[in-house]
Amino acid sequence: MGFLDKWVESLDYEYEVLTSCTRYKSPRSTCQSCFDACEHDAITSVNNRPFIKNDKCVECGICIAACPVQAVAGIFPKRTVIQNKLLVTGEHLPTVKEMLVLYKKGVSEIIGEDSSLTESWQQVIKEANSILHQLGEDSFNVSDKAFEKTEEVYSRRELFTQWKKESQTLVKQFAPAKWRFNHKDLDVAKYYPDYQFTKITLNPDKCTLCKACEVLCEKKCLNITDSSFSIAAQACSSCRLCVEICPEKAISLEEKISKVQDIHYPIYKRKCSICNQVYDSFHDYGEKCTTCTNGFLSPYIS
Ligand code: SF4
Ligand code: SF4
Ligand code: SF4
């Protein structure tokens, strides 16, 4: 750890809600995730936006993991990792999201003695393993034995001698590390680029192509051009803002893990045969004009 990292860690870091919160972006947002997640009554609503009461916050990190758009800024509790093994300690329980990130950072095994592997820990590991299975990854191995010194584990003195003999890279390999993440690390979709965690469905019979969803989607999942409405759900965080701001209720979401699959809905230029009004339409067949209500729309060539 460099000097600057140590200095940053020594600062008194308080959790706060950023303006990327969906409730800042639209008064229609009903996101409740951080409020619901906090077990210490430390998040209150001020002007319909979440506010963290630092005198009550215990910095457990649960709200950071609960926020779909990484809008709760803060640093997670420290985790002890030795040789890609996560040691179960009395620290705050990790969230499933955090475990999925730890896995991608190289952690493959959880080590905890009987008493430290509580039911809650086992539940988190079980849920993380279930998701890893759906993502085509290996599971975390769990060992209830205390971490044993092997020939690869060095005392500080041995490490120093070995370090001098071999190279500085040994420090990274063998020294116990205190791993800490901040909110930006919790965008789980980034770590699993071949998969999407949400299925987004558009109802073309309801959508009026107003573009409100496209403008507000932080993850740029929705793209409306002259010729198509495209949905790329890989980066979707399931924040539900598109669902909540759509005036036509044309978007629905389902939390579902699947291989990445972009969807394109073609858009056609149409013109009313009677009033000559030009429309963008999802239909390429006999649709009635909504302006004069008498004519039918036919292909428009500019
Ligand atoms: S979970 Fe995130 S997006 Fe939702 S209200 Fe809390 S800070 Fe805002
Ligand atoms: S907000 Fe709704 S109506 Fe507007 S473009 Fe998006 S899906 Fe269509
Ligand atoms: S597509 Fe909708 S639910 Fe997904 S990130 Fe964008 S606004 Fe949120």
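Above this note sits the structure.
Please read all numbers here as calculations on a predicted model, not as lab measurements.

(A) Quick peek at the site of ligand 1. Around ligand 1, the structure places Val17, Cys21, Thr22, Arg23, Cys31, Ser33, Cys34, Pro50, Cys67, Pro68, Val69 and Val72. Going through the elements one at a time, helix H2 (22–25) and helix H3 (33–37) are the ones with two or more residues in the shell around ligand 1. When grouped by side-chain class, the residues that make up the shell around ligand 1 number nine nonpolar, two polar and one charged.

(B) Expanded view of the state of the cysteines. Applying the stated criterion to the full structure yields zero disulfides. Left unpaired, Cys292 is separated from the closest cysteine sulfur, that of Cys272, by 3.6 Å.

(C) A look at the site of ligand 3. All residues in the neighbourhood of ligand 3 are listed as Ile200, Cys217, Lys219, Cys221, Cys236, Ser237, Ser238, Cys239, Arg240, Cys242 and Leu253. Among the residues making up the shell around ligand 3, the classes are represented as seven nonpolar, two polar and two charged.

(D) Quick look at the pairing of strand E3 (residues 49–52). Only one face of E3 is covered, namely the face carrying Pro50 and Ile52; the face carrying Arg49 and Phe51 is uncovered. Strand direction decides the pairing type here: strand E2 (residues 43–46) and E3, joined by four bridges, are antiparallel. Following the sheet pairing, Ser45 is matched in E3 by Pro50. Joining the antiparallel neighbours E2 and E3 is a turn of two residues, in which Asn47 adopts a positive phi near 50 degrees.

Cut-offs used in this document
Residues numbered from 1 in each chain as written. Chains lettered and ligands numbered in written order. Predicted model: local features only at pLDDT ≥ 70, side-chain atom pairs only at ≥ 80, totals over all residues. Heavy atoms only, no water. Near = heavy atom within 4 Å. Helix = DSSP H or I, 4+ residues; strand = E, 2+ residues; numbered from the N terminus. Nonpolar A, V, L, I, M, F, W, Y, C, P; charged D, E, K, R; others polar. Disulfide = S-S within 2.5 Å. Buried < 20%, exposed > 50% of the residue type's maximum accessible area, 1.4 Å probe, protein only. Pairing = 2+ DSSP bridges.

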